[in-house]
Amino acid sequence: MQLLLPVVGLSLSGLAYATSSSAKASATTTGYLSTSSGTLQIPDGTSCACKQLAHSLPKSVLLPGSTNYTTETVDKLWDIRADLSPACVFVPNTAAEVSEAIKIIGSCGAQFAVRGGGHMNYPGANNIDAGVLIGLTNLDTITVKNDSVEVGPGLNWYQVYSALEPYGRGCIGGRMKTIGVPGLSLIGGFHYFNNKHGYAMDNVLSYDIVIGNGTLITVNKTSHSDLFWALKGGANNYGIVTKFELQTYSVPNISTTIQVFNETNIPYFLDAVCEAAKLNDDDPIAAGMIATVTYNATTKVAQGSVLGVQEGVSIPPSQFANFTKIPAVERINNVTTLKPWADTLDSPKQMMRVQFSHRTMKPDSAVLYSIYQAWKAAVDEIADVQGLYPTFVTNVISATSVRPAKTNGVGNVWGLEEEPLVIFQLSTGWDLAQDDLRVEAWSRQLVEHLHGINKNLGIASEFIYMGDAGEWQDPYAGFPAENVARMREVRSAYDPEGVFSILSWGGFKLGL
Ligand SMILES: Cc1cc2nc3c(=O)[nH]c(=O)nc-3n(C[C@H](O)[C@H](O)[C@H](O)COP(=O)(O)OP(=O)(O)OC[C@H]3O[C@@H](n4cnc5c(N)ncnc54)[C@H](O)[C@@H]3O)c2cc1C
């Protein structure tokens, strides 16, 4: 079956990808870093940290010019825009090494960035020019327990699902193969089974984390419970997580559906998306999807697709009946397990430059369709952008997905009410750096214009999901103000010197 790529970057395994030369950097002894895009001055704090790290932990430090330096600064990043040139890369082998590195970095006052699976898609979120990059690649241990799994932050979700597969168990993680465990778990985590078990963050039982003074602490419901709450959606504001313990569930089988619709049926497709958000059973069957429209501005062909997953073996999966009743171009139902399903959903790194942006609304299928139409017309306006790859992605938030956080005695920083919501996301890929500002301005103006219309209609929500946000968007503005105030208090308690706010500034940081 020929399936159009339904999410930017989503492909069946094995697509060729472009490489970037931007991280072909070399450092001089005079405090400068030559990169293919120019010469960077290495700040004194960075020089201090790189020298001390190389002295204390020489086997864990990579300098510009080495092969593994390029692997860590380019190959492990999803978006080509995020390729930068650190003065040195620190690749810890143990949590104790992370602890020592944070002490050195803090004492030197060095700017640094942290990278897990490398999927956050904008420059500076997970990489840094002329600073220290901490690449978590080697923290890759995994231990399966009876009803939980301990996972290092160097792992991706496919590795986790693979380890759980022999036990017939699964967990709430990413929907695609190579997304990293740490970023997704710390920012929220949309998975197929949110409607029954909440978000990935709601399913973390314990975190081992190195905080700003370099101390390694274990954080759970009974130990450092204030930080436990703040880490549930609190992103990279509090430290470096060196181990996650995740709740697992019995998932011996899944029932899957892949359905593709032509443009005539997109109104019905978007209506089915809205209906999925509204499902509100007392005892829900775990089920969720990736629902996307792709549009080719050259051929003018638009296509909707749903990749649906449901627990159990019913064929076709019952929770997708609203999609199944729409005439489809292709429809494949199957019973399988989480590992082989995830294996087919790769998101190759370094494939393109990508701009995300999105907004959230109450489910209204007529308005959602008009938003889709406005997006398609706007895509035509930038059809000349080389390598343009526009997709219109939806995500649903059901009342039942919010319920676990309301009832588990912990909660999370999102503080959402039990009401259905739909996220509409513009995911736009292109080839050339010279189009960066144009595509960003286009995406930003369009999404804010559409949000403004929704505000006038009284159906807008201010919720913004970090994983799908543009770099200019402020997810914290969509959290309840009292949650943001509490997050700041927790940050002051655990990182009074601001190591994770002043020295590490990339990613979605809680403002000062
Ligand atoms: C193709 C694609 C598909 C996606 N699909 C989904 C999906 O199905 N569900 C979903 O919820 N989201 C999805 N996302 C969004 C995704 O969750 C975020 O990009 C997330 O940040 C990825 O985590 P990572 O570890 O790969 O990212 P990274 O870029 O490595 O990290 C993200 C942020 O977390 C910080 N960080 C990383 N590790 C640590 C750590 N150990 N301690 C403290 N901070 C750390 C980094 O500094 C960075 O700011 C998708 C993104 C892409 C590009």
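Just above, that's the structure.
Scope of this entry: the structure provided in the associated data block. (Residues numbered from 1 in each chain as written. Predicted model: local features only at pLDDT ≥ 70, side-chain atom pairs only at ≥ 80, totals over all residues.)

Remarks on the sheet that holds strand β5 (residues 88-90)
Backbone-to-backbone hydrogen bonds join strands into a sheet, with any given pair of strands oriented parallel or antiparallel. Stated formally: Here the rule is simple: two strands pair whenever DSSP picks up at least two bridges between them. Runs of E in the DSSP output that reach at least two residues are strands. Runs of H or I that reach at least four are helices, and both are numbered from the N terminus.
The four strands lie next to each other as β4-β5-β7-β6, forming an open sheet whose pairing is mixed. Since the sheet does not close on itself, it has two edges, and those belong to β4 (61-62) and β6 (112-115), each with one partner. Looking at chain direction, β4 and β5 are connected through two bridges and run antiparallel. Its bridge partner lying in β5, L62 is registered against V89.

Looking at the sheet that holds strand β19 (residues 389-397)
The condition is simple: Contact between two residues is assigned whenever their backbone-derived C-beta positions fall within 7 Å. Orientation is described by axes fitted as lines to C-alpha atoms, over the contacting stretch for helices, and by angles from 0 to 180 degrees between their N-to-C directions.
The strand order across the open sheet built from eight strands is β17-β14-β16-β15-β19-β20-β18-β21, with neighbouring strands paired in antiparallel fashion. Of all strands in the sheet, those with a lone pairing partner are β17 (330-336) and β21 (460-461), marking the two edges. Pairing of strand β15 (residues 287-296) with β19, which is carried by four bridges, proceeds in the antiparallel orientation. Directly across from T292, in β19, lies its bridge partner V393. Contacting β18 (353-361), β20 (421-430) and β21, helix α13 (residues 436-457) runs over the sheet at an angle of about 5 degrees to β18.

Brief notes about the site of the ligand
Counted only if it meets this: Only the C-beta atom matters for nearness: placed from the backbone, it must lie within 6 Å of the molecule or strand for the residue to count as near. Amino acids are sorted into nonpolar (Ala, Val, Leu, Ile, Met, Phe, Trp, Tyr, Cys and Pro), charged (Asp, Glu, Lys and Arg) and polar (every other residue, Gly among them).
Around the ligand, the structure places 34 residues, and the nearest of them are G117, G180, G183, G467 and G507. Of all the secondary-structure elements, those providing two or more residues to the shell around the ligand are β6, α5 (181-187) and β13 (240-250). For the shell around the ligand, the element with the most residues is α5, which contributes five residues. Residue composition of the shell around the ligand, by class: 15 nonpolar, 17 polar and two charged.

With respect to helix α8 (residues 266-278)
One turn of the α-helix equals 3.6 residues, which is why residues spaced by three or four share an orientation. Quick reminder of the rule: A helix is expected to span 1.5 Å for every residue after the first. Working definition of burial: number of other C-beta atoms within 10 Å of the residue's own, with buried at 20 or more, exposed at 12 or fewer, and partly exposed in between, all C-beta atoms being placed from the backbone.
Relative to the 18 Å expected for 13 residues at 1.5 Å per residue, α8 spans 19 Å between its end C-alpha atoms, a close match to the ideal helical length. Taken as a whole, α8 has its buried residues at I266, F269, L270, D271, A272, V273, C274, A276 and A277.

As for the pairing of β20
Within β20, 10 of the 10 residues are buried, which leaves the element mostly enclosed by the surrounding structure. Where β18 lies against β20, nine bridges are found, and the strand directions are antiparallel. The partner of T360 across the bridge, within β20, is I423. Relative to β20, β19 runs antiparallel, the two being bridged by nine bridges. The residue of β20 that forms the bridge with V393 is Q425.

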